[in-house]
Amino acid sequence: MPSTPESKYRNITRFQRLLNSLTRRLPTQTVLETTGRVSGQPRRTPLGGRRIGDTFWLVSEFGELSQYVRNIKANPEVRVRIMGRWHTGTAHLLPADDPQARLRSLPRFNSAAVKAMGSSLLTVRVDLDR
């Protein structure tokens, strides 16, 4: 029986919850902080992406199924920790952007993982405050 995006999402996120609890503590790990849409509490997600000028780019491997994407839809004000330094910004979901092309401009290792595990890719742009 072929897997659906939802079942793939459930299986991979089980593993990621454990891994994320460890990696978000690493000082050099890039972390996206959103505000929980229900709790109102900060939610930190380790992820990969790249800063280009005053913009941080990433690709969500599960698109609108990702909890941090759901949080962004409710409140686009975010923080991003890049190389140990926090930056505030506004996140934008870009469904018209080509996420496969975008991944080619982002760090290779993370992009390979997103391609391998993802099923509904979605580009996210964070405009960082100055």
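Relevant structure appears above.
In this report, the structure presented in the accompanying data block is examined. Here the structure is a predicted model, which means the values were calculated and not measured.

Brief notes about the packing of aromatic side chains
Item 1. Evaluation of the coordinates by the stated rule reveals zero aromatic pairs.
Item 2. Sitting over the ring of Trp86, Arg79 keeps its end group 4.1 Å from the ring centre.
Item 3. If you follow Arg102 out to its NZ or CZ, it ends over the ring of Trp57, 3.7 Å from the centre.

Observations regarding the sheet that holds strand 3 (residues 50-52)
The strands that make up a sheet are held in pairs by hydrogen bonds between backbone atoms, and each pair lies either parallel or antiparallel.
Item 1. The strand order 2-1-5-6-7-4-3 describes an open sheet built from seven strands, whose pairing is antiparallel. Among the strands making up the open sheet, the edge pair consists of strand 2 (42-46) and strand 3. Each adjacent strand pair in this sheet contributes to an overall mean axis angle of 35°, direction not counted.
Item 2. Here strand 4 (residues 55-60) pairs with strand 7 (residues 122-128) via six bridges, running antiparallel. Opposite Phe56, over in strand 7, you have Val126 as the bridge partner.

As for the nonpolar core
One broad trend across soluble globular proteins is that nonpolar side chains are buried collectively.
Item 1. Core analysis: the largest hydrophobic core is formed by 15 residues, its most contacted members being Leu32, Phe56, Leu58, Tyr68, Ile72, Val80 and Val126.
Item 2. Within the residue set of this core, elements represented by two or more residues are strand 4, helix 2 (67-74), strand 5 (77-82) and strand 7.
Item 3. Tallying contributions element by element places strand 7 first for this core, with four residues.
Item 4. In this structure Ile72 touches Leu32, Thr34, Val78, Ala91, Leu93 and Val124, once residues within four positions along its chain are discounted.
Item 5. With six residues, the next largest nonpolar core counts Trp57, Val59, Leu94 and Val114 among its residues.

A short note on the pairing of strand 2
Item 1. Note: strand 1 (residues 31-35) against strand 2, five bridges, orientation antiparallel. Considered in strand 2, the bridge of Leu32 is made with Thr45.
Item 2. Adjacent in sequence and paired antiparallel, strand 1 and strand 2 are bridged by six residues, among which Gly40 carries a positive phi angle near 75°.

Digging into the pairing of strand 7
Item 1. A large share of strand 7 lies buried, amounting to five of its seven residues.
Item 2. In this structure, strand 6 (residues 85-94) lies alongside strand 7, joined through six bridges in antiparallel fashion. Looking at the pairing, Gly89 lines up with Leu128 of strand 7.

About the criteria used
Residues numbered from 1 in each chain as written. Predicted model: local features only at pLDDT ≥ 70, side-chain atom pairs only at ≥ 80, totals over all residues. Heavy atoms only, no water. Phe/Tyr/Trp six-rings, centres within 6.5 Å; stacked < 30°, edge-to-face > 60°. Lys NZ or Arg CZ within 6 Å of the ring centre and 35° of its normal. Pairing = 2+ DSSP bridges. Helix = DSSP H or I, 4+ residues; strand = E, 2+ residues; numbered from the N terminus. Axes fitted to C-alpha atoms, helices over the stretch in contact; angles between N-to-C directions. Core = buried A, V, L, I, M, F, W, Y, C linked by side-chain atoms within 4.5 Å. Buried < 20%, exposed > 50% of the residue type's maximum accessible area, 1.4 Å probe, protein only. Contact = heavy atoms within 4.5 Å.

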